[in-house]
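Here is what each chain is made of, one letter per residue.
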Amino acid sequence: MSGELLLRERKTLIQERLKANGRVLAVDLAAELNVSEDTIRRDLREMAAAGLCERVYGGALPVVPAAHSTLRERVAMAPERKAALARAAAGLIKPGMTVFLDAGSTNLAIAQLIEPDLQVTVVTNTPLIAAALMEKPGVDLILLGGPLNRAVGAAISARAQRDAELLRPDLCYLGTCGADAVAGLTAIYFEDAEFKRLVAQRSRRLVVAITSDKLGTAAPHTIASIDERATLVLEEDAPAEHYAAFKATGADILMGGGPEQ
């Protein structure tokens, strides 16, 4: 009984540390609680299996927000914040570029901001994004095919991946569920991560617009590390420790402005 109580107490403390610090390290928890690192690692595995944290090398991160919402539901979440990020991110698109817009509510906002007469090629696997670009005469629009994954809101199957293998985008606006300087960019669904990873590998540069609630979180499946190939678009109120950690990876950092006046 006392052992079970101690287990609950440890897990409660771990959750408190995750909330306060944004990450936990097994070695620090073991020292603080006077237990072995194996004990802490076992606790973290059990917590991860219960959806309370996400295991990463040496410790754990908070789980990603809004893990089970659809794309259409995500569009309605914090639209002003996403619009501010989109205004900053859309400015990177230049005439003559080939741009991939991945599934994501902020990427949809970016598509809506593309000037109608801007001469660009936009490739997407997301019908909502394609619909936002349909009436823009300057945009040469390519929609990748295959079955639609309703949870993601996009085509991510083997057919879509075969189409993506023919691409060489100048910019890839990548959607991500979690973003951490150590864990990198991560996704909830395995097949979605696989598709994103393929497009990211084939792109000259990655652009990732990230709301602050995703910073320092991780999902189960890795997309890509954060390095000098990436431009991260962060909110103006992004915590300084995340800004510094991302900057140390070699990534470019672009700060999104506040709501449009």
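Placed above this text is the structure.
Keep in mind the model is a prediction, meaning the values are calculated, not measured.

A. Geometry of the pattern of salt bridges. Enumeration according to the criterion identifies 13 salt bridges in this entry. Notably, a salt bridge pairs Arg41 with Glu37, separated by 3.3 Å at the nearest N-O pair. Of this pair, Arg41 and Glu37 both sit in helix α3 (residues 37-49), four residues apart, roughly one helical turn. Relative accessible area serves as the criterion here: at 28%, Arg41 is assigned to the partly exposed category. The exposure class of Glu37 is partly exposed, given its relative accessible area of 34%.

B. Broad picture of the packing of helix α5 (residues 79-90) against helix α6 (residues 105-113). At a minimum axis separation of 8 Å, α5 and α6 run at an interaxial angle of 55°. If you check the angle between α5 and α6, you find them oblique. Handedness of the crossing formed by α5 with α6: right-handed. The segment α5 lies against α6, with Lys82, Leu85, Ala86, Arg87, Ala89 and Ala90 engaging Ser105, Thr106, Ala109, Ile110 and Leu113. Of the residues contributing to the contact of α5 with α6, the split by class is seven nonpolar, two polar and two charged.

C. Quick peek at the state of the cysteines. Taken as a whole and judged by the stated rule, the model has zero disulfides. Looking at Cys53, it has no disulfide partner, and the nearest cysteine sulfur is the one in Cys177, 17 Å off. For Cys53, a relative accessible area of 1% puts it in the buried group. Left without a disulfide partner, Cys177 is nearest to the cysteine sulfur of Cys172, which lies 14 Å away.

D. Summary view of the sheet that holds strand β1 (residues 24-25). Here three strands make up an open sheet; going across it, the order is β1-β3-β2 and the pairing antiparallel. Two strands lie at the open edges of the sheet, namely β1 and β2 (54-56), each paired on one side alone. Looking at chain direction, β1 and strand β3 (residues 59-61) are connected through two bridges and run antiparallel. Of the residues in β3, the one forming a bridge with Val24 is Ala60.

E. Structural detail: the sheet that holds strand β9 (residues 171-173). Ordered by their spatial adjacency, seven strands build an open sheet running β6-β5-β4-β9-β12-β14-β15, and the pairing between neighbours is parallel. With partners counted over all chains shown, the strands left at the sheet margins are β6 (139-143) and β15 (252-255), one partner each. Pairwise comparison of adjacent strand axes, ignoring direction, gives a mean angle of 20° for this sheet. Strand direction decides the pairing type here: strand β4 (residues 98-101) and β9, joined by three bridges, are parallel. Looking at the pairing, Phe100 lines up with Cys172 of β9. Running at roughly 145° to β15, helix α10 (residues 240-248) makes contact with β14 (230-234) and β15 of the sheet.

Cut-off values and rules
Residues numbered from 1 in each chain as written. Predicted model: local features only at pLDDT ≥ 70, side-chain atom pairs only at ≥ 80, totals over all residues. Heavy atoms only, no water. Salt bridge = Lys/Arg side-chain N within 4 Å of Asp/Glu carboxyl O. Helix = DSSP H or I, 4+ residues; strand = E, 2+ residues; numbered from the N terminus. Buried < 20%, exposed > 50% of the residue type's maximum accessible area, 1.4 Å probe, protein only. Axes fitted to C-alpha atoms, helices over the stretch in contact; angles between N-to-C directions. Parallel < 35°, antiparallel > 145°, perpendicular 65-115°, else oblique. Left-handed = near helix turned anticlockwise from the far one by under 90°. Contact = heavy atoms within 4.5 Å. Nonpolar A, V, L, I, M, F, W, Y, C, P; charged D, E, K, R; others polar. Disulfide = S-S within 2.5 Å. Pairing = 2+ DSSP bridges.

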